[in-house]
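Report on the structure
So you can see what is in the structure, the chains are spelled out below.
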Amino acid sequence: VSTQSTGLPSRLTQPKLTQPQTFLLPSLSRASSGMLCELSVWGNFWITWAAITVLAFFSLMFFSGIVFYFYYVNPTYDTWRTKSNPKYPDALKVREEILMMMKGLCSASFCPALSLYLSKNGYSQGYCGVGDYGWTWLILQFFVFLIASDFFEFYYHRIGHSYSTFWEVHKHHHAFFNPTPFSVIADEYLDQIVRASPLVLFPLVVPTNMDLLFFQYAVFFYAYGVYLHWGHEFVDVPLLHPHNYHINTAFQHYLHHAISSKNKPYHTGFFFKIWDRLFGSLYPGECFCVSCAIKKGERTRQKFKDVVIPNYSPLLSVSFWLDPQRESAKRKK
């Protein structure tokens, strides 16, 4: 029976995501969004979860690794000059970050796998392609989900600093007070499941284009998360300057890692500063961003010469991952 004859949306007559039609550019849709929808065709939740986990792992290591290489492994005076914390974390700390990232990844991929499974079996309102809802809903969905997700992230993050039970879970992320791009999802299991839960909740509540939802979280949350944990600042980009009024930047997130603790939820927002402004959690102290440090003469070439650049080559050694203390001691001899 065709959708024209029944008058019902295609989601109801064709609940399974078997032949997704994507709205993105053809090359991009076949490589990412179309493939994500087709992952659920296998029909097994655990296979879908494993596939997403493996794909996400290589994506995380590739993109975070590129940023890490240029800004941490081979820093120059110009890159160091824009670093929020003038010191570099050692290889042991980065190893800890990556292991925690892998832990968070296993739980973060649970929600997208569940969301695809529910959509395929008709338990949610997820769909692929433009569908019967049209372009207007796609555009509206993008902005509604962006604002809703940003507030959700802000408030859950704020709770993690405001209540002892939640702080016991979230404090592990704050072990990385001088973060690198590998710490984007370096969280405990519960933190990542909750943070990724909108991927399940949105399709349960409203008709949701799965292509757009996955693309939005991959680009606007993971990619921007890499920037926030980058550890460096854009001093010549007005929109992303630490002193800008509207957008949280890498400096605000570094400040959060370095200063925020239990009952001190400074800058728990992700994109927009409006949430912290409304809840009174903007940092009230003196600014110590890169721009201010440069004005104080704290980013000179002479100071760069005094900076210790760690040797990160052990991260490429299997023995370092198996027994880091022994391998580190061996290298010091």
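Report follows, based on the coordinates. Given the structure is predicted, the values throughout are model-derived calculations rather than measurements.

**Quick look at a nonpolar patch on the surface**
On the surface, Phe 62, Phe 63, Ile 66, Tyr 69 and Phe 70 cluster together to form a nonpolar patch covering roughly 520 Å² of accessible area. Mapped onto the fold, Ile 66 is located in helix α4 (residues 45–73).

**As for the pattern of salt bridges**
For the structure on display, the rule yields seven salt bridges. Among the ionic pairs, Arg 195 bridges to Asp 187, the shortest N-O distance being 3.6 Å. Across the pair, Asp 187 and Arg 195 agree in class, each one buried. Between Glu 286 and Lys 296 there is a salt bridge, and its shortest N-O distance comes to 2.8 Å. Remark: Lys 296 occurs in the loop between α15 (290–295) and α16 (301–305) and Glu 286 occurs in the loop between α14 (274–279) and α15; sequence separation between them is 10 residues. Taking the relative accessible area as the measure of exposure, Glu 286 reaches 59% and is therefore exposed. For Lys 296, a relative accessible area of 47% puts it in the partly exposed group. Each of Glu 153, Asp 187, Asp 191 and Arg 195 takes part in a single network of salt bridges with overlapping partners.

**Here we look at the packing of aromatic side chains**
This structure, assessed with the given rule, holds 41 aromatic pairs. Aromatic side chains Tyr 224 and Phe 271 sit 4.6 Å apart centroid to centroid with 35 degrees between the ring planes, which places their arrangement in the tilted category. Of this pair, Tyr 224 sits in helix α12 (residues 210–228) while Phe 271 sits in the loop between α13 (250–259) and α14, and the two are 47 residues apart along the sequence. By relative accessible area, which is 14% here, Tyr 224 ends up buried. For Phe 271, a relative accessible area of 8% puts it in the buried group. Look at Phe 320 and Trp 321: their rings are 6.5 Å apart centre to centre, the planes differ by 80 degrees, and that puts the pair in the edge-to-face class. When the ring centre of Tyr 245 is taken as reference, the NZ or CZ atom of Arg 277 above it lies at 3.7 Å. One residue, Arg 299, lies across the ring of Trp 80, its end atom 5.5 Å from the ring centre.

**Notes on the side chain of His 161**
In this fold, His 161 is placed in helix α8 (residues 134–162). Looking at His 161, the relative accessible area reads 0%, which means it is buried. Here Ser 261 takes part through its backbone oxygen, which lies 2.9 Å from a polar atom of the side chain of His 161. Leaving out residues up to four positions away in the same chain, His 161 has contacts with Trp 167, His 170, His 174, His 256, Ser 260, Ser 261, Lys 262, Asn 263, Lys 264, Pro 265 and Thr 268.

Rules used in this analysis
- Residues numbered from 1 in each chain as written.
- Predicted model: local features only at pLDDT ≥ 70, side-chain atom pairs only at ≥ 80, totals over all residues.
- Heavy atoms only, no water.
- Patch = residues over 30% accessible without salt bridge, like charges linked within 9 Å, V, L, I, M, F, W, Y side chains within 5 Å.
- Areas by Shrake-Rupley, 256 points an atom, 1.4 Å probe, with all protein chains shown as cover.
- Salt bridge = Lys/Arg side-chain N within 4 Å of Asp/Glu carboxyl O.
- Helix = DSSP H or I, 4+ residues; strand = E, 2+ residues; numbered from the N terminus.
- Buried < 20%, exposed > 50% of the residue type's maximum accessible area, 1.4 Å probe, protein only.
- Phe/Tyr/Trp six-rings, centres within 6.5 Å; stacked < 30°, edge-to-face > 60°.
- Lys NZ or Arg CZ within 6 Å of the ring centre and 35° of its normal.
- Polar contact = N/O pair within 3.5 Å; in protein donor to acceptor, adjacent residues only side chain to side chain.
- Contact = heavy atoms within 4.5 Å.

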